[in-house]
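Spelled out from the first residue to the last, the chains are:
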Amino acid sequence: MSTAIKPKHIGRNISRIRELRGMKQEALAIAIGISQQSVSNIEGSEIVDEDRLNAIAEVLGVSAEAIKNYSDESVLNNIQNNYEGSVINSGPTLNHNCSFNPLDKVVELYERLVQAEKDKVEYIEKLLKGK
């Protein structure tokens, strides 16, 4: 009985990460300067040359190593630990509280808009008096 390790399917990993990023094959193709059909062929390949892999990794916003070592299980585990775990365990993993009062920001913005309108009116009045 052989216990040989099956090599990672790099193309499938690229496809999964691209889909998680919400990117279509066509968008990836345009970003790296190839056709959509070429992206489809890459995603169907077990191996991808290093230069092409690095270009794809850059567009996807991950490292080439992340593509090589990607697994669905680790992604799901990460999501579960970071989101569900923060609710279940009440641990200090995420801070969803604002560090400022949003109402103060609205008032500040309103005051800036009112001041900008006053400045416009003053400028227009100066222009009219000058004629």
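Above this text is the structure in question.
Sequence order as written defines residue numbering, which begins from 1 separately in each chain. Per-residue local features of the predicted model are confined to residues with pLDDT of at least 70, and side-chain atom pairs are confined, for both listing and counting, to 80 or more; whole-chain, interface and lining totals are unaffected and use all residues. Excluded from the side-chain calculation are hydrogens and water; included are all heavy atoms of the structure.

(A) Quick peek at the packing of helix H2 (residues 25-32) against helix H3 (residues 36-43). To define axes, lines are fitted to C-alpha atoms, for helices over the stretch in contact only, and angles between the resulting N-to-C directions are given on a 0 to 180 degree scale. The numbering of helices and of strands both runs from the N terminus, where a helix is a DSSP run of H or I of at least 4 residues and a strand a run of E of at least 2. Where H2 meets H3, the closest approach of the two axes is 8 Å, and the angle between their N-to-C directions is 105°. In terms of their interaxial angle, H2 and H3 are classed as roughly perpendicular. Across the interface between the two elements, Gln25, Glu26, Leu28 and Ala29 of H2 pack against Gln36, Val39, Ser40 and Glu43 of H3. Each angle gets one of four labels, with under 35 degrees taken as roughly parallel, over 145 as roughly antiparallel, 65 to 115 as roughly perpendicular, and the rest as oblique. Contact between two residues is taken to exist if any of their heavy atoms lie within 4.5 Å; hydrogens are not considered.

(B) Layout of helix H4 (residues 50-60). For H4, every residue scored as buried is listed here: Leu53, Ile56, Ala57 and Leu60. Down the axis of H4, the buried side of the element spans an arc of 100°, and every buried residue falls inside it. Of the exposed residues in H4, those oriented more than 90 degrees away from the buried face are Asp51 and Glu58. In the core, the buried residues of H4 are packed alongside helix H1 (10-20), H2, H3 and helix H5 (64-68). For H4, the N-terminal capping position is held by aspartate 49, with its side-chain oxygen 3.2 Å away from the main-chain nitrogen of aspartate 51. Exposure categories follow from relative accessible area, calculated using a 1.4 Å probe and restricted to protein chains: below 20% of the type maximum is buried, above 50% is exposed, and the middle band is partly exposed. Starting at the helix axis, one direction is taken to each C-beta atom, and the arc is that of these directions. For this analysis, a polar contact is any N or O atom pair within 3.5 Å, provided that within protein one partner can donate a hydrogen and the other can accept it, and provided that sequence-adjacent residues contribute only side-chain to side-chain pairs.

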